[in-house]
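# Architecture at a glance
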Amino acid sequence: MRDGVPAISAAGLPAPERWIGRGENARWRVIARTAFPFLVLAAIWEIVARLEVFPRRLFPTLEEVASAFVRLTLSGILPHHAFDTLVRLTAGFAIAAIAGVIIGILMGRFRRAEDIFLPLVSIAAPIPGLAYAPLFLLWFGLGNFPAILLVAFVSAFPVIFNTWTGVKAVKEIWVRSAQAMGADNPKLFRHVILPGALPYILTGLRLGLAQAWRVLVGVEMLAAVPWGLGWMIFGAREFLNTDVMLSGIVVIAMIGLALEKLVFEKLENYTVVRWGMMS
Amino acid sequence: MSHIEIRDVSLVYDTPAGQVPGVQGVSLDMRESEFLCLLGPSGCGKSTLLNIVAGFLTPTSGEIRIGGKAVNGHGTDRGVVFQDFAQLFPWRTALGNVAFGLEMKGIPKEERDEIAFNQLKLVKLEKFVKSYPHHLSGGMQQRVAIARALAYNPSVLLMDEPFAALDAMTRDAMQRLLADVWRETRKTIIYVTHNVAEAVYLADRVIVMTPHPGKVKAEVVIDLPRPRDPLSVEFLDCQKQLLAHLGETHQVS
């Protein structure tokens, strides 16, 4: 009973119990199974490219994309773009995460805050983030500031919504137990409401981050920033550099995957999965 | 002086259908270290009365005093154990759950961990201090909940059908354990149940309640030596007596 390790199923991977206990061999089989759809996609891509369904310039082979990727990486251009994008993402998303969790908790706990914020959030949330972009650029000028602000603004909505739902879903019996044991309001917040709502908060942060990515790459195309993956992809269009565009898309995918696996999955396994609040 | 005084307590629920009396004119006195069972069918107001004593509900009229002090909201002079296994905090280990009340009091970590460990030992869970609740069985979770309610040393323990959701065998074991814990800690306990045998096994005194409105119907002192033998003639006599009180009021129509 004590050594019962919760089954953690990584996104897209089959449940572990299917391969646990069958050793290295089975592990390779899982890797092969995960890689299979990508290999099929790559093969189709290669066939389309080699048959020149589109002009070669517009639809490069994988080899050309890979060499552009290596060239741009070694020259430091791609890392520079990626770094600037990541800085904006981190700054904007950090603001969204902190503000979103605070507003969400207030909405969940206080009727007054709910009455004020809920209608505003409900109306603003479904509007596509990029629709605000021109306004933000007019108000705050070009460059980093409006980009970060827009990312923060847009990605806060899913965080707010999910935190609010999570706080509402905190079991009344936890609150009662804590109060019976002498928890005052600040302690109740920290020791019960926050951990109790954590599964929802993490979901909100995940969705918020996805939102942040979308709007950031978009706004980089508009905000005339000198560096950034969005700008790199957009700029490459002028010269029909599809290999550069695809390299940028690959980097975005890789960063997204790394954030999911190294940040969110770790965080989840350490908290809500370990606590049995999520499997 | 009695430890707990319940003076003419009534509670009226406001519902869309009008005012529904939950508890009506209940008066009780409990001495220190007494084990009292509130027995009755569902809807008889026994849980409502317990929640009033716990301070989760405010009575419409009447007064409750514990140790001479009027009850006004919840307080750490009372520990509460609910029926629901989910009462434990899933994000804390067994030890962390038991230490919660002590942490709220501001007791240093080392000291509270030691107290919590001893409480877990009292309910025979010292091997599971580091386990999270979802790795524990229902019976174990309820034992953690009892240890948790005792850890910050309240003088009164309030229990709302804590073993009702357990299987019969586990329930028997838990009742024996609770009787031991009570003998060692000498807490004043109010225990809500609808199980007649459970009431006879545990209580010094059983209060039989009747529904619509929730009132005290009868009071039966269980004067059997402990540990009690559920198969003895005297035990069965007590059960019959309680069933007779319940039967008069609890006919299914």
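Residues numbered from 1 in each chain as written. Chains lettered and ligands numbered in written order. Predicted model: local features only at pLDDT ≥ 70, side-chain atom pairs only at ≥ 80, totals over all residues. Heavy atoms only, no water.

### Considering the overall build of chain A
A tally of regular secondary structure across chain A gives 10 helices and zero strands. Walking chain A from its N terminus toward its C terminus, one meets helices and strands in the order α-α-α-α-α-α-α-α-α-α. C-alpha extents for chain A along the principal axes are approximately 70 × 60 × 30 Å. Expressed as a percentage of its 279 residues, the buried residues of chain A come to 41%. (Helix = DSSP H or I, 4+ residues; strand = E, 2+ residues; numbered from the N terminus. Buried < 20%, exposed > 50% of the residue type's maximum accessible area, 1.4 Å probe, protein only.)

### Focus on the sheet that holds strand 3 (residues 35-39) of chain B
Residue and element names in this part refer to chain B. As summarised here, the arrangement of the six strands in space is 6-7-8-3-9-10, forming an open sheet in which the pairing is mixed. Each edge of the sheet is formed by a strand with only one pairing partner; in this case those strands are strand 6 (78-81) and strand 10 (215-221). Taken over all neighbouring pairs, the strand axes of this sheet differ in orientation by 20° on average, direction set aside. Pairing of strand 7 (residues 156-160) with strand 8 (residues 188-193) involves five bridges; the strand directions are parallel. Bridging across to strand 8, Leu158 finds its partner in Ile190. (Pairing = 2+ DSSP bridges. Axes fitted to C-alpha atoms, helices over the stretch in contact; angles between N-to-C directions.)

### Structural notes on the pattern of salt bridges
Residues and elements named next belong to chain B. One pass over the full model with this rule turns up 26 salt bridges over all chains. Where Arg205 meets Glu34, a salt bridge forms, and the shortest distance between an N and an O atom there is 2.6 Å. With a gap of 171 residues between them, Arg205 in strand 9 (residues 205-210) and Glu34 in the loop between strand 2 (18-30) and strand 3 connect regions that are remote in the sequence. Grouping residues by exposure puts Arg205 and Glu34 together as buried. A salt bridge links Glu103 to Arg112; the shortest N-O distance between them is 3.9 Å. Overall, the relative accessible area of 14% leaves Arg112 in the buried class. Overlapping salt bridges bring together Arg31, Glu34, Asp204, Arg205, Glu219 and Arg226 as one network. (Salt bridge = Lys/Arg side-chain N within 4 Å of Asp/Glu carboxyl O.)

### Section: the sheet that holds strand 1 (residues 4-15) of chain B
All names here are of chain B. Across the sheet, which stays open at both edges, the four strands sit in the order 2-1-4-5 with antiparallel pairing between neighbours. The open sheet is flanked by strand 2 and strand 5 (69-70), the only strands paired with a single partner. Looking at chain direction, strand 4 (residues 61-66) and strand 5 are connected through two bridges and run antiparallel. Following the sheet pairing, Ile66 is matched in strand 5 by Lys69. Sitting on the sheet, helix 1 (residues 46-54) touches strand 1, strand 2 and strand 4, and the angle it makes with strand 1 is about 115°. (Contact = heavy atoms within 4.5 Å.)

### Notes on the side chain of Glu265 of chain A
Structurally, Glu265 of chain A is set in helix 10 (residues 242-273). Within the local environment of Glu265 of chain A, its side chain forms a polar contact with the side chain of Lys261 of chain A, the two groups lying 3.2 Å apart. (Polar contact = N/O pair within 3.5 Å; in protein donor to acceptor, adjacent residues only side chain to side chain.)

### What to know about the interface of chain A and chain B
Taken together, the contact pairs 25 residues of chain A with 32 residues of chain B. For the pair chain A and chain B, the two sides together bury roughly 2500 Å², of which 65% comes from carbon and sulfur. The interface formed by chain A and chain B contains zero salt bridges. On the surface where chain A and chain B come into contact, there are 11 residue pairs in polar contact (both at pLDDT 80 or more). (Buried area = accessible area lost by both parts, 1.4 Å probe.)

### A short note on the pairing of strand 2 of chain B
One ladder, built from nine bridges, connects strand 1 of chain B with strand 2 of chain B; its direction is antiparallel. Across the sheet, residue Ile4 of chain B finds its bridge partner in strand 2 of chain B, namely Met30 of chain B.

### A closer look at a nonpolar patch on the surface
A cluster of nonpolar side chains, namely Ile47, Leu51, Val53, Phe54, Leu58 and Leu240 of chain A, defines an oily patch on the protein surface of about 600 Å² accessible area. Within the element layout of this structure, Leu58 of chain A appears in the loop between helix 1 (23-50) and helix 2 (62-74). (Patch = residues over 30% accessible without salt bridge, like charges linked within 9 Å, V, L, I, M, F, W, Y side chains within 5 Å. Areas by Shrake-Rupley, 256 points an atom, 1.4 Å probe, with all protein chains shown as cover.)

### Side note on helix 1 of chain B
Residue and element names in this part refer to chain B. With eight of nine residues buried, helix 1 is to be regarded as a mostly interior element. Within helix 1 the residues assigned to the buried category are Lys46, Thr48, Leu49, Leu50, Asn51, Ile52, Val53 and Ala54. A positive backbone phi angle near 95° is found at Gly55, which sits one or two residues after helix 1.

### A short note on the packing of helix 3 (residues 77-109) of chain A against helix 6 (residues 144-169) of chain A
Residues and elements named next belong to chain A. Close contact between helix 3 and helix 6 brings their axes to 6 Å; oriented N to C, the two are set at 35°. As for how helix 3 packs across helix 6, the hand of that crossing is right-handed. When the residues that make up the contact of helix 3 with helix 6 are grouped by side-chain class, the tally is 18 nonpolar, seven polar and three charged. (Left-handed = near helix turned anticlockwise from the far one by under 90°. Nonpolar A, V, L, I, M, F, W, Y, C, P; charged D, E, K, R; others polar.)

### Regarding helix 8 (residues 185-222) of chain A
All names here are of chain A. With 38 residues, helix 8 should cover 56 Å at 1.5 Å per step; its first-to-last C-alpha distance of 46 Å lies more than 12% under that length. Within helix 8, the axis deviates most sharply at Leu198, by approximately 60°, and proline Pro199 lies no more than four positions further along. For helix 8, the N-terminal cap is Asp184; the gap from its side-chain oxygen to the backbone nitrogen of Lys187 is 3.2 Å. One or two steps after helix 8, the chain reaches Ala224, where phi turns positive at roughly 55°. (Expected span 1.5 Å × (residues − 1). Bend = angle between axes of the 7 residues up to and from the residue.)

### A closer look at the confidence of the model for chain A
As a general rule, the predicted coordinates of low-pLDDT regions are not to be interpreted in detail. The predicted model of chain A averages 88 in pLDDT, with 92% of residues at 70 or higher. For the stretch residues 1-16 of chain A, pLDDT sits under 50, and the model shows 28 contacts to residues farther than four places along the chain or on other chains. (pLDDT = per-residue confidence, 0-100.)

### A closer look at the domain arrangement of chain A
The domain architecture assigned to chain A consists of domain 1 (1-53) and domain 2 (62-273). Look at where the C-alpha atoms of domain 1 of chain A and domain 2 of chain A centre, and you get two points 28 Å apart. (Domains from an automatic or database assignment.)

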